[in-house]
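Descriptive structure summary
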Amino acid sequence: MRNILLTLSYDGTDFCGWQRQDCSDRGKPVRTVQAELEAALEKIHKQPVTLYGSGRTDSGVHAAAQAANFFSPVDSIPVENYVQAINAFLPRDVRVNAARCVDADFNARFSATARTYRYVIYCGKSARATEMRYVWQIHHQPDICVLNDMAAHLRGEIDCATFAAAGDMSASTFRYIENAVFYPDGDKIVFEITANAFLWKMVRSLTGTLIQFEKEKREAAYFKQVLDSRDRKKAGATAPASGLFLWNVRFDGVRRHI
């Protein structure tokens, strides 16, 4: 039995997140990325197949390179053929982009060492209709230098409780953040952050807070006080899901706690 790692992309707009939810809507399943993929895998293998994702993106959040693995009971299919085979049974808003064999003890969640998210913010007068599903449109031009002065405090081992959504079930609110930076991209700005893992809605909460604090002309020292407070009430509004992408998952380097 082979352990196969898939690299996936999806438009999260019409999904209720990554994780399968069979009893969410009055006891009925809702549409999720995991469920769509597992249905496709079952059609190929003629039996249920469980898919293990590297992270649980929320409702409306997109992915450029989500990672997920499964154990295939069929040895006759060349691993590279899984891309076309699975895509043949998938809707257009989720695609398998690569497939490869990995060690038997590999798990996309527990073997991951870092995850990178990008949040895209449109700062022009009016985004194109084709962009609205993938950006957060704001109506002012933020000062990227000010944003990066605040984001500079997001480095190393940090208690991120201030930016965890109510109901987060993580055993620890500490996360190791490798990098957090804003950069321009035409009429947009992008917030990129890499960490070992993230709390529930943490990236959206950070993005919304940083944009709000910059607009209120707060200084970096104020953001640091809010970060250190561990008080969710002191954070800003949570940015919408539309601008958020799971951009990359790494499996090299040091694995830190989750």
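Please refer to the structure placed before this passage.
Report follows, based on the coordinates. (Residues numbered from 1 in each chain as written. Predicted model: local features only at pLDDT ≥ 70, side-chain atom pairs only at ≥ 80, totals over all residues. Heavy atoms only, no water.)

What about the nonpolar core?
Leu6, Leu37, Ile86, Ile121, Phe182, Phe191 and Ile193 are the most contacted members of the largest nonpolar core, which has 72 residues in total. For this core, the leading source of residues is helix 4 (residues 202–215), giving 6 residues. Excluding anything up to four places from it in sequence, Ile193 contacts Arg115, Thr116, Tyr117, Ile177, Asn179, Ala180, Phe198, Val203 and Leu206. Grouped together as the second largest cluster of nonpolar side chains are 6 residues, Val120, Tyr122, Val135 and Phe245 included. (Core = buried A, V, L, I, M, F, W, Y, C linked by side-chain atoms within 4.5 Å. Buried < 20%, exposed > 50% of the residue type's maximum accessible area, 1.4 Å probe, protein only. Helix = DSSP H or I, 4+ residues; strand = E, 2+ residues; numbered from the N terminus. Contact = heavy atoms within 4.5 Å.)

Some words on the packing of aromatic side chains
Aromatic rings in a pair are described by how distant their centres are and how their planes are angled relative to each other. If you walk through the whole model with that rule in mind, you get 10 aromatic pairs. An angle of 90° between the planes, with centres 6.1 Å apart, marks the rings of Tyr119 and Trp136 as edge-to-face. Of the two residues, Tyr119 is situated in strand 5 (residues 114–122) and Trp136 in strand 6 (residues 136–137); the sequence distance between them amounts to 17 residues. Exposure remark for Trp136: the relative accessible area of 19% places this residue in the buried category. Among the aromatic residues, those joined into a cluster by ring pairs are Tyr134, Phe245 and Trp247. Over the ring of Phe15 we find Arg31; its NZ or CZ atom is 4.0 Å from the centre of that ring. (Phe/Tyr/Trp six-rings, centres within 6.5 Å; stacked < 30°, edge-to-face > 60°. Lys NZ or Arg CZ within 6 Å of the ring centre and 35° of its normal.)

Quick notes on the pattern of salt bridges
Here the structure, examined in full by the defined rule, presents 16 salt bridges. The closest approach of N and O atoms between Arg31 and Glu36, which form a salt bridge, is 2.9 Å. According to the relative accessible area criterion, Arg31 is partly exposed, its value standing at 29%. Across the pair Arg128 and Glu131 runs a salt bridge, and its minimum N-O distance is 3.9 Å. For Glu131, a relative accessible area of 13% translates into the label buried. Overlapping salt bridges, with partners in common, bring together Arg128, Glu131, Asp187 and Lys188 in one network. (Salt bridge = Lys/Arg side-chain N within 4 Å of Asp/Glu carboxyl O.)

Considering unusual backbone geometry
The phi torsion at Lys46 lies on the positive side, around 65°, for a residue other than glycine. Summarising the element assignment, Lys46 is placed in the loop between helix 1 (33–45) and strand 2 (52–53). Here the phi dihedral of Lys201 falls at roughly 65°; this positive angle occurs in a residue that is not glycine. Tracing the chain through its elements places Lys201 in the loop between strand 9 (188–195) and helix 4. We classify Lys201 as partly exposed; its relative accessible area is 30%.

A closer look at the packing of helix 4 against helix 5 (residues 220–229)
Running from amino to carboxyl end, helix 4 crosses helix 5 at an angle of 145°, the nearest separation of the two axes being 11 Å. The crossing of helix 4 and helix 5 is right-handed. Residues Leu206, Thr209, Leu210 and Phe213 of helix 4 pack against Tyr222, Phe223 and Val226 of helix 5. Classifying every residue of the contact of helix 4 with helix 5 gives 6 nonpolar, 1 polar and no charged. (Axes fitted to C-alpha atoms, helices over the stretch in contact; angles between N-to-C directions. Left-handed = near helix turned anticlockwise from the far one by under 90°. Nonpolar A, V, L, I, M, F, W, Y, C, P; charged D, E, K, R; others polar.)

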